[in-house]
Amino acid sequence: MLVEPTDEQEAFRKVVRDFAASEIAPHAEAWDRDHTFPVDVVLAMGELGLFGLPFPEEYGGGGADLTTLCIAIEELARVDQSMAITLEAGVGLGANPIFQFGTEEQRQRWLPDLVAGRALGGFGLTEPDAGSDAGGTRTRAVLDDAAGEWVIDGEKAFITNSGTPITSLVTVTAVTASVGGRPEISAIVVPAGTAGFEVQPPYRKMGWHASDTHGLSFVDCRVPADHLLGERGRGFAQFLSILDDGRVAIAALALGVIECCLEECRRYANERVAFGRAIGANQAVAFKVADLAVMAEAARALVYGAAVRRDAGRSFKKEAAIAKLYACEAAVTATREATQIFGGYGFMDETLVSRQYRDAKILEIGEGTSEIQRLVISRELGLPVQ
Amino acid sequence: MREVDSETMKIVVCVKQVPDSWAEKTLGADNTLDRGSVDAVMNELDEYAVEEALRLQEAHGGEVIVLSMGPSQTTDTIRKALSMGADSGVHVIDDGLHGSDAVATSLALAKAIEGRGADLVIFGSESTDARMSVVPAMVAERLGLPQLTFSSSVSVEGSTVRTNRVTEYGYDVVEASLPALVSVVEKINEPRYPSFKGIMAAKKKKVETVDLAGLGVSADQVGLAGSWSAVEEAAARPPKAKGTIVTDDGAGGTAIADFLSAQKFI
């Protein structure tokens, strides 16, 4: 089911494309090289309304939908995955849990800054020894009744947007009790700067160098009892329920990457001359470019098919997993082939497709690995898979 | 002279839709631009004009009306200005306007502005397609307004508008009483991007369409027939000729001097 974008969505796509071309593309190589998180550009993305797209206007949001958010993420990813993931995580992991599970008072307190892009939030679920396997969660939070405070101790790993100069909070999952031998996991909001909450130095990563990623540690970290987000004991379940949105958004990011490869390779195959003719005259190159076009079309259909179902209020769990699985694996293939087409230049860090290649691998891992997507799809198909 | 107060200040910004600067352009049989064959965008300098109008409105209040003349796709450019924040639009559209030169265009624009009670009319100082920079002055003349062209800054105080007029040696500070007409250069500001909210809000804003009859202009005053100038012939720019390479075998300096002298540079 594909629905044509509205005139407004198309107009918005043009604006984001212009913004990406003027404000991001000229600097992305330097940010990648120097591992710079460009705060000013992220704030400008906020002014453009990107961080508020899917949230209601009463919190300063754009009142748009997942489809429109996907358009923005796709356009950013065409020039730089780091800024695209900064937006995706800011919306999906920073603001969305607070919007979905926060009390009205919590929403009023934290959402307006996140929605305006004046501040960023992170979501601390993954730990050194626990990811999709929530049962492995070691971080603990104990309610100190006398003080009216949660006391948090533990470690989180690979947390996006958790250590930027504008990070205002991180929502962390922690074991708050043991029920019948199983851990009870809850989500608690920890404001940046809380005593006992330490942001580790940035990771050395293979890609996404301009995206902010840190390990976090909590030692006797105390936050008020009213920072519990949503229902006690439902922290992981709550998170699972909003994962599907994120999968579609990551798939949109992957789509932008494939489109970038297609555009760059089509140009290069026409320009680059070898043996007296454009390399695109060789079927070995031309067919690779043709395959990129196929991947882009297929990914677009899956991404917006899933987003439109979501926006229409229909079930989309299977569609989200399929879109994420296909688009992200295709993005890795597309960037690898694009790098091949660029030959020696493709191996140079400053070449756009080379950066896209390094950046793309994480797409098969983050927000649910490809294997987890296959598991979700298998279960949706009714298979007795373990 | 008119005292402007924040409730009533009215700014008309004139914008033009032009072919994307990067696009290959072709001419139709009548030597006018084939608009169907290229992507159209808002003339870049006009974005600065819209931005300046919005900043003046933010400082003084009032109303910003965006006005554009052109075929039906011009609505995209008007919508863009509305999504940046202008309050309403006026679209001057009539098949009879096709092929209007600067003089004819200035007549249609002046008629469209006339009677709207504008305190300030703002233009970009030139369009990226025609590049003549004469329309703002012509419109000012037709409306009997003081013209403050090539402005790199604009401020309004009471009934006075003051601008920095860019010159070869720097700038002149010029002022005029309102109502007045200003054209702006790209140094003046950094135009904003429309936000998604702005785009959605623009959908609901009013765009009035006006044809020649509505303007009180007759068909023989505008268009190809009513224009004072016409493009007789056009040719593509010849490809760049190969440069001359002088190998310096001791007489390089003389060879360069001879070359410059032959080109009458020295």
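Residues numbered from 1 in each chain as written. Chains lettered and ligands numbered in written order. Predicted model: local features only at pLDDT ≥ 70, side-chain atom pairs only at ≥ 80, totals over all residues. Heavy atoms only, no water.

A.B. asks: How should the sheet that holds strand S9 (residues 170–177) of chain B be read in this particular structure?
C.D. replies: Adjacent strands of a sheet pair through backbone hydrogen bonds, lying either parallel or antiparallel. Residues and elements named next belong to chain B. Strands sit in the order S9-S8-S7-S10-S6-S1-S4-S5-S11 across an open sheet of nine strands; the sheet is mixed. The two strands at the open ends of the sheet, each matched to only one other strand, are S9 and strand S11 (207–210). Taking each pair of neighbouring strands and ignoring which way they run, the sheet shows an average axis angle of 30°. In the sheet, strand S7 (residues 147–157) pairs with strand S8 (residues 160–167) via six bridges, with the strands oriented antiparallel. Bridge pairing in S8 links Glu157 to Thr160. Contacting strand S1 (10–14), strand S4 (63–69), strand S6 (120–124), S7 and strand S10 (180–184), helix H1 (residues 44–60) crosses the sheet at an angle of about 150° to S6. Each of S4, strand S5 (88–92) and S11 is contacted by helix H2 (residues 74–84), which is oriented at about 160° to S5, the strand it contacts most. (Pairing = 2+ DSSP bridges. Helix = DSSP H or I, 4+ residues; strand = E, 2+ residues; numbered from the N terminus. Axes fitted to C-alpha atoms, helices over the stretch in contact; angles between N-to-C directions. Contact = heavy atoms within 4.5 Å.)

A.B. asks: In this structure, what is going on with a nonpolar patch on the surface? I would like to understand it.
C.D. replies: There is a patch of nonpolar side chains on the surface, built from Tyr345(A), Phe347(A) and Met348(A) and spanning about 390 Å² of accessible area. Within the secondary structure, Tyr345(A) is located in helix H9 (residues 343–346). (Patch = residues over 30% accessible without salt bridge, like charges linked within 9 Å, V, L, I, M, F, W, Y side chains within 5 Å. Areas by Shrake-Rupley, 256 points an atom, 1.4 Å probe, with all protein chains shown as cover. Salt bridge = Lys/Arg side-chain N within 4 Å of Asp/Glu carboxyl O.)

A.B. asks: Sorry if this is basic, but what is going on with the pattern of salt bridges here?
C.D. replies: Enumeration over the complete set of coordinates arrives at 41 salt bridges over all chains. Each of Glu10(A), Arg13(A), Arg17(A), Glu74(A), Glu75(A), Arg78(A), Glu259(A), Glu263(A), Glu297(A) and Arg300(A) takes part in one network of salt bridges that share partners.

A.B. asks: How do you make sense of the nonpolar core when you look at a structure like this?
C.D. replies: Note on soluble globular proteins: their nonpolar side chains tend to be buried together. By size, the foremost hydrophobic cluster in this structure holds 95 residues, and its most contacted members are Ile24(A), Met45(A), Leu50(A), Leu76(A), Leu87(A), Val248(A) and Leu363(A). In terms of residue count, the dominant contributor to this core is helix H6 (residues 235–271) of chain A (16 residues). Residues contacting Leu87(A), with those up to four places away along its chain left out, are Met45(A), Leu50(A), Phe51(A), Leu69(A), Ala72(A), Ile73(A) and Leu76(A). The next biggest cluster of nonpolar side chains, apart from the first, holds 32 residues, and it includes Val15(B), Ala53(B), Leu56(B) and Val161(B). (Core = buried A, V, L, I, M, F, W, Y, C linked by side-chain atoms within 4.5 Å. Buried < 20%, exposed > 50% of the residue type's maximum accessible area, 1.4 Å probe, protein only.)

A.B. asks: What should I look at first to understand the interface of chain B and chain A in this one?
C.D. replies: Buried accessible area, meaning the area lost when the parts come together, often serves as the stated size of an interface. With nine residues of chain B in contact, the opposing surface of chain A contributes 16 residues. Both faces considered, chain B and chain A share a buried interface measuring about 1,100 Å² in area, 69% of it formed by carbon and sulfur atoms. The tally of links from chain B across to chain A stands at one salt bridge. Between Lys203(B) and Glu8(A) there is a salt bridge whose closest N-O contact spans 3.8 Å. There are two residue pairs in polar contact (both at pLDDT 80 or more) connecting chain B and chain A. Examining the composition of the side of chain B that touches chain A, we find that five residues originate from one element, helix H5 (residues 196–203) of chain B, more than from any other. (Buried area = accessible area lost by both parts, 1.4 Å probe. Polar contact = N/O pair within 3.5 Å; in protein donor to acceptor, adjacent residues only side chain to side chain.)

Treat this as a map of the structure, not an account of what it does.
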